[in-house]
Amino acid sequence: MSHNTIHWFRKGLRLHDNPALIAALKDCRHIYPLFLLDPWFPKNTRIGINRWRFLIEALKDLDSSLKKLNSRLFVVRGSPTEVLPKLFKQWKITRLTFEVDTEPYSQSRDKEVMKLAKEYGVEVTPKISHTLYNIDRIIDENNGKTPMTYIRLQSVVKAMGHPKKPIPAPTNEDMRGVSTPLSDDHEEKFGIPTLEDLGLDTSSLGPHLFPGGEQEALRRLDEHMERTNWVCKFEKPKTSPNSLIPSTTVLSPYVRFGCLSARTFWWRLADVYRGKTHSDPPVSLHGQLLWREFFYTTAVGIPNFNKMEGNSACVQVDWDNNPEHLAAWREARTGFPFIDTIMTQLRQEGWIHHLARHAVACFLTRGDLWISWEEGQKVFEELLLDSDWSLNAGNWQWLSASTFFHQYFRVYSPIAFGKKTDKHGDYIKKYLPVLKKFPTEYIYEPWKAPRSVQERAGCIVGKDYPRPIVDHEVVHKKNILRMKAAYAKRSPEDKTINKGEKRKASPSIKEMFQKKAKR
Ligand code: FAD
């Protein structure tokens, strides 16, 4: 049978290692590459202007790659359950392909869409390619329990063997006999909107440091993989949170949108490592991709993963409600230059180093402000280019010592931590020019500078730059005790959660299809 197929791009905004797209081209007469601007996302999540720009660029890049295959991207606005049935009819669709997405909204959306597809006689082919492994299988291989530690996950995936090798992008050969019906008004009807078309305020767009798209992702990957020695010696804890040029790959926004396949990233690293001495997980670059896999797995296995309440793995803490402190943190007005610099870089550029994320997350939660990690998660969700439902929630739980990590007595100092890798405060001076003229001695603690020094620096603390909103030495000790009390309240049942709970059976899309195939 010759199909009329929609390949639905959601994440996975790439042609390389895209098994669902390759499946779409098999026995196909007409292919419609589709992207839906689903209003659910802007309504229910926070998407900052820098991430919108990244997405639009990724779509443009995809469209230009599809053009080379004599195809085009169709961008349609509307909810999938309303739009897809219309397109099924209009385009006489017989097959729908897409990449499996494990986030809760995506799972429920895809279930609905699959029901509708069935009604319209449309065959559905979902494929796994966003993660290194099939996440459901990781849990199954762990006796149906969610692996609650990285080490446990490592041993489970080791037994599963290497991740699948990535598959090449479709070529003109794959497109033989396949065409995309295009009308003269394609651009008008299905073109990629601009930020202005979407009614977005572009006045706060930051510098254009990380353009979106697959081509840029692959170029950046090539660039990093040429640095053989750096790749082989990479140890995450030894990279710097405050270097002026990023000390890690900044491939995260590309992996998040699927402009870069995690499996391609994995196997390119394996090529670099081959025959050489190299670092190992958890600190190596392979190790970083396993961290991603770990949080994706726990996000699937733990219900209510992005919340404290109803999340059985998460320590229940009586976080304070302090809108002034939360706003000061979010708007880089805490009076701690290291913290304010990180939050400034985040807002302007959309990416901050992992250890910088540690510093501000610890400060907001258990370290200083005693504000819920869910509030921090929301701010990161808006401002990060790489904002990812599973990774954001998982890492916030880690940093707030709510889940996975329990050494709550180890608190980052908002003063000493940054000094370790940037004695002179060059990072601070770059992003907070108001402090530029402060002598090195006071750059991390400007409030300690004598008035005459503040005057010479042209910055009076309390007037031109805020005083610290808390006394770190006092609050962090108090907070350790509060955390101790929260831990003491846990029931013996909660304390065993680390061993992983047996998952309640909720058939994933993959499983449903396996069952269907067996029938
Ligand atoms: P590299 O060190 O070059 O690592 C390579 C890749 O491995 C990354 O691109 C990323 O895909 C993956 N990776 C690295 N570290 C982690 C990690 N700790 N957890 C999961 N995957 C990892 N990362 C996101 O992609 N999206 C988020 O929303 C996100 N939220 C975070 C929130 C907090 C509070 C913290 C502490 C960390 C968060 N991270 C998140 C994880 C991590 O900080 C970033 O993935 C990393 O800094 C991205 O930079 P990079 O690409 O240079 O990383």
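All figures in this text were calculated on a predicted structure; none of them were measured in a lab.

Think of a ball as big as a water molecule: rolled over the atoms, this probe shows where empty space is left. Estimates place the volume of the second largest pocket at around 1,400 Å³. Lining the second largest pocket are 50 residues; nearest its centre among them are Lys236, Gln288, His354, His358 and Asn395. Those elements that provide at least two residues to the lining of the second largest pocket are α11 (252-256), α13 (285-301), α16 (354-367) and α18 (389-399). Broken down by class, the residue content of the lining of the second largest pocket amounts to 27 nonpolar, 13 polar and ten charged.

So, on to the sheet that holds strand β1 (residues 3-9). Spatial ordering of the open sheet is given by β3-β2-β1-β4-β5, a layout of five strands whose pairing is parallel. In this open sheet, the two edge strands, each paired with only one partner strand, are β3 (74-77) and β5 (123-127). Across this sheet, the average inter-strand angle for adjacent strands is 25°, counted without regard to direction. Bridging between β1 and strand β4 (residues 95-99) involves four bridges; their strand directions are parallel. Pairing of Thr5 across the sheet is with Arg95, part of β4.

All told, the structure shown has 30 salt bridges when counted by the stated rule. Between Arg176 and Glu173 there is a salt bridge, with the nearest N and O atoms lying 2.9 Å from each other. On the accessibility criterion, Glu173 (52% relative accessible area) is exposed.

By nearness alone, 29 residues border the ligand, and Lys236, Thr248, Thr249, Val250 and His354 come closest of all. In this structure, Thr248 approaches the ligand through a side-chain N or O atom, which is 2.6 Å from an oxygen atom. Against a free-state accessible area of 820 Å², the protein chains account for coverage of 99% of the ligand. One can see that the ligand is located within the second largest pocket. Of all elements in the fold, only α13, α16 and α18 reach the threshold of two or more residues within the shell around the ligand. In the shell around the ligand, the residues fall into 15 nonpolar, nine polar and five charged.

A separate point is the nonpolar core. With 72 residues, the main nonpolar core has Phe9, Leu13, Phe35, Leu73 and Phe265 as its most contacted residues. Looking at this core element by element, the count peaks at nine residues for helix α3 (residues 49-67). Formed by 59 residues, the second largest nonpolar core is a distinct cluster that contains Val317, Phe363, Ile371 and Ala457.

What follows covers unusual backbone geometry. Of note, the amide linkage connecting Pro281 to Pro282 takes the cis form, showing an omega dihedral of 5°. Here Pro282 shows up in the loop between α12 (262-273) and α13. A positive phi angle, near 60°, is found at Asn70, a position not held by glycine. You can see Asn70 is positioned in the loop between α3 and β3. The phi angle at Lys92 is positive, at roughly 50°, despite the residue not being glycine.

Under the local residue numbering, the UniProt record ascribes the feature "domain: Photolyase/cryptochrome alpha/beta" (unreviewed entry) to residues 3-132. Across residues 3-132, helical content stands at 45% and strand content at 24%; the span's end C-alpha atoms are separated by 29 Å.

Residue placement: His278 occurs in the loop between α12 and α13. Residues His278 and Cys232 lie 46 residues apart in sequence; the distance between their C-alpha atoms is 4.3 Å. When sequence neighbours within four positions are dropped, the list of residues in contact with His278 reads Cys232 and Tyr273.

Bringing the packing of helix α9 (residues 214-225) against α12 into the picture now. The interhelical angle for the contact between α9 and α12, taken along N-to-C directions, is 20°, at an axis separation of 11 Å. With respect to α12, the axis of α9 lies roughly parallel. Taken as a pair, α9 and α12 cross one another with a handedness that is right-handed. Contacts between α9 and α12 involve Leu221, Asp222 and Met225 from the former and Thr264, Phe265, Arg268, Leu269 and Val272 from the latter. Across the contact of α9 with α12, the residue classes tally to five nonpolar, one polar and two charged.

Basis of the calculations
Residues numbered from 1 in each chain as written. Predicted model: local features only at pLDDT ≥ 70, side-chain atom pairs only at ≥ 80, totals over all residues. Heavy atoms only, no water. 1 Å grid on protein atoms, 1.4 Å probe; cavity = no way out; pocket = protein on both sides within 12 Å on 5 of 7 lines; lining within 4 Å. Points joined across faces, edges and corners; volume = space filled by probe spheres on them. Helix = DSSP H or I, 4+ residues; strand = E, 2+ residues; numbered from the N terminus. Nonpolar A, V, L, I, M, F, W, Y, C, P; charged D, E, K, R; others polar. Pairing = 2+ DSSP bridges. Axes fitted to C-alpha atoms, helices over the stretch in contact; angles between N-to-C directions. Salt bridge = Lys/Arg side-chain N within 4 Å of Asp/Glu carboxyl O. Buried < 20%, exposed > 50% of the residue type's maximum accessible area, 1.4 Å probe, protein only. Near = heavy atom within 4 Å. Polar contact = N/O pair within 3.5 Å; in protein donor to acceptor, adjacent residues only side chain to side chain. Areas by Shrake-Rupley, 256 points an atom, 1.4 Å probe, with all protein chains shown as cover. Sits in = over half its atoms within 2 Å of the grid points. Core = buried A, V, L, I, M, F, W, Y, C linked by side-chain atoms within 4.5 Å. UniProt positions renumbered as here; feature names shortened; annotations may be inferred. Contact = heavy atoms within 4.5 Å. Parallel < 35°, antiparallel > 145°, perpendicular 65-115°, else oblique. Left-handed = near helix turned anticlockwise from the far one by under 90°.

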